[in-house]
Amino acid sequence: MKESRGSRAAVDERYAQWKSLIPVLYDWFANHNLVWPSLSCRWGPQFEKATYKNRQRLYLSEQTDGSVPNTLVIANCEVVKPRVAAAEHISQFNEEARSPFVKKYKTIVHPGEVNRIRELPQNSKIIATHTDSPDVLIWDVEAQPNRHAVLGATESRPDLILRGHQENAEFALAMCPAEPYVLSGGKDKSVVLWSIQDHISALGDSSKVESSPGASGSKQSGKTANEKDTPKVDPRGVFHGHDSTVEDVQFCPSSAQEFCSVGDDACLILWDARTGTVPAVKVEKAHSGDVHCVDWNPLDVNYILTGSADNSVRMWDRRNLGSGGAGSPIHKFEGHKAAVLCVQWSPDKASVFGSSAEDGFLNVWDHEKVGKKKTNAPAGLFFQHAGHRDKIVDFHWNSSDPWTIVSVSDDGESTGGGGTLQIWRMSDLIYRPEEEVLAELENFKSHLASCTPRN
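Residues numbered from 1 in each chain as written. Predicted model: local features only at pLDDT ≥ 70, side-chain atom pairs only at ≥ 80, totals over all residues. Heavy atoms only, no water.

(A) Quick peek at the layout of surface pockets. What the largest pocket holds in volume is close to 820 Å³. Lining of the largest pocket is provided by 42 residues; of these, Arg 42, Glu 119, Gln 250, Gln 344 and His 396 occupy positions nearest its centre. Sorting the residues of the lining of the largest pocket by element identifies strand S2 (41-49), strand S6 (116-120), strand S10 (173-175), strand S15 (246-251), strand S19 (291-296), strand S23 (340-345) and strand S27 (392-397) as the ones contributing at least two each. Split into classes, the residues belonging to the lining of the largest pocket amount to 25 nonpolar, 10 polar and seven charged. Empty space within the second largest pocket amounts to approximately 710 Å³. Around the second largest pocket, the lining is made up of 23 residues, and of these Lys 369, Lys 373, Phe 382, Ile 430 and Glu 434 lie nearest the centre. Broken down by class, the residue content of the lining of the second largest pocket amounts to 11 nonpolar, three polar and nine charged. (1 Å grid on protein atoms, 1.4 Å probe; cavity = no way out; pocket = protein on both sides within 12 Å on 5 of 7 lines; lining within 4 Å. Points joined across faces, edges and corners; volume = space filled by probe spheres on them. Helix = DSSP H or I, 4+ residues; strand = E, 2+ residues; numbered from the N terminus. Nonpolar A, V, L, I, M, F, W, Y, C, P; charged D, E, K, R; others polar.)

(B) Structural context of the state of the cysteines. Inspection of every chain in the model, using the stated rule, returns zero disulfides. Not engaged in a disulfide, the cysteine Cys 41 finds its nearest cysteine sulfur in Cys 342; these two sulfurs lie 7.9 Å apart. Judged by relative accessible area, which is 0%, Cys 41 ranks as buried. Left unpaired, Cys 252 is separated from the closest cysteine sulfur, that of Cys 260, by 8.7 Å. (Disulfide = S-S within 2.5 Å. Buried < 20%, exposed > 50% of the residue type's maximum accessible area, 1.4 Å probe, protein only.)

(C) Fine view of the pairing of S19. A large share of S19 lies buried, amounting to six of its six residues. When S19 meets strand S20 (residues 303-308), the two strands line up antiparallel, connected through five bridges. Note on S20: the bridge partner recorded for Asp 295 is Leu 305. (Pairing = 2+ DSSP bridges.)

(D) Structural context of the sheet that holds strand S17 (residues 268-272). Strand order in this open sheet of four strands is S15-S16-S17-S18, and the pairing throughout is antiparallel. Edge positions in the open sheet fall to S15 and strand S18 (281-283), since each of these has one partner strand only. Geometrically, the sheet is characterised by an average inter-axis angle of 15° between neighbouring strands, direction not taken into account. As defined by bridge partners, strand S16 (residues 258-263) adjoins S17 across five bridges and the pair is classed as antiparallel. (Axes fitted to C-alpha atoms, helices over the stretch in contact; angles between N-to-C directions.)

(E) Inspection of the sheet that holds strand S21 (residues 312-317) at higher detail. Strands sit in the order S19-S20-S21-S22 across an open sheet of four strands; the sheet is antiparallel. At either end of the open sheet lies a strand with only one pairing partner, and these are S19 and strand S22 (331-334). Strand after strand, the sheet turns through a mean of 20° between neighbouring axes, direction not considered. For S20 and S21, the ladder comprises five bridges, and the chain directions are antiparallel. Bridging across to S21, Ile 304 finds its partner in Trp 316.

(F) Region of interest: the pattern of salt bridges. Going through the model one piece at a time under the given rule, you end up with 24 salt bridges. Where Lys 53 meets Glu 78, a salt bridge forms, and the shortest distance between an N and an O atom there is 3.1 Å. Of this pair, Lys 53 sits in strand S3 (residues 53-62) while Glu 78 is found in strand S4 (residues 71-80), placing the two residues 25 residues apart along the sequence. Relative accessible area serves as the criterion here: at 33%, Lys 53 is assigned to the partly exposed category. Between Arg 318 and Glu 258 there is a salt bridge whose closest N-O contact spans 3.1 Å. Here the residue Arg 318 occupies a position in the loop between S21 and S22, and Glu 258 occupies one in strand S16, the gap between them amounting to 60 residues. (Salt bridge = Lys/Arg side-chain N within 4 Å of Asp/Glu carboxyl O.)

(G) Local environment of the pairing of S17. Counting buried positions along S17 gives five out of five residues, so the element sits mostly inside the fold. In sequence, S16 turns back onto S17 through a hairpin of four residues, with Ala 266 there showing a positive phi of about 65°. Sheet topology places S17 next to S18; three bridges connect them, and they run antiparallel. Each residue of the ladder has a partner; that of Leu 270, found in S18, is Val 281.

This is the structure in structure tokens:
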């Protein structure tokens, strides 16, 4: 007990120190307290631009204890533009309160907890979710009716169900940037590929009205409520090559036929659907532990990131991955003190990426900085977001608003429940070229000097 009290005190001290630095480190920051933990957070489309802020959809989940239903939440988020927020304002937030910048727009009563949310690049109002079942659920979030999440509420009906897994598929989920394809991995050790091309036009037709609550039956064991009314899609291909649960999947940004997967067998596998359903390249022992996450660089398709239970992030060059498992990472990024849960490349700068972990830190790295400067910080690390008190289960860079990130933590261990959603943008003085920053500070200094009254 003493040890946990001591570690709690250390977390509190770290948090207090971080909070005092908010005006220096951040251009903007919003803290949103969640009643229930969320396992996934994603940016949706930007739908309104104004002088000082933009409005954008935000997707998140609520993982409840069963006293009320699990939900998929669509929120409207006000994203304050760069260099608008005053330093004293961004540091004055109530940790226990909900942010005025995040407002719930619509609630979907989800069949089972939402483990993963992914949006379709070709139509950002269409999203896919993973729950504790073999199916992938597809939702048209604008056409779905708003629901009241009370005990006994009938579950919302998905617009499409993707069938193909033999066992539960809980986390590995990706949407293709090139075409409307969906990719999933599960406990059956397989990677499954679907095309939802033919169903896209049918989705978005809001003339389909959901049947009245209770009319189509309620949840049955392992099945989705109202599922007999929902169209099903069979896979384009089922890919076998992993020896354990597939934890994450990702498409090559320039191809609907090439993708990669990672899993509890510590393997990184590259696939090419044009050449069949066996691995194109398999890297055995990519890490020394389960591999939890993978991302493929959208700006340079040669680079792939993996994050693992061995606390490290590794960067791979797909040109140097020989068959038979040969190939070693370009670099091992070691700065986390616990399992890495999420990695994602920046949509704005090809060399920058983020990683979040069970240690409560979200690290931002630049692989071009590796070996450049000798500091005490881990090689490549240039920013550390320390605003969460517990494990950061998911985060997402905002492609509509450069350098803005949403992150979410499950605070069950630190506070006994709930979660924290944070939206933040580091100060541009941190990532802009050094000479540019120094010139700006020099100008600011001379400006201050000219404003000082002389005696």
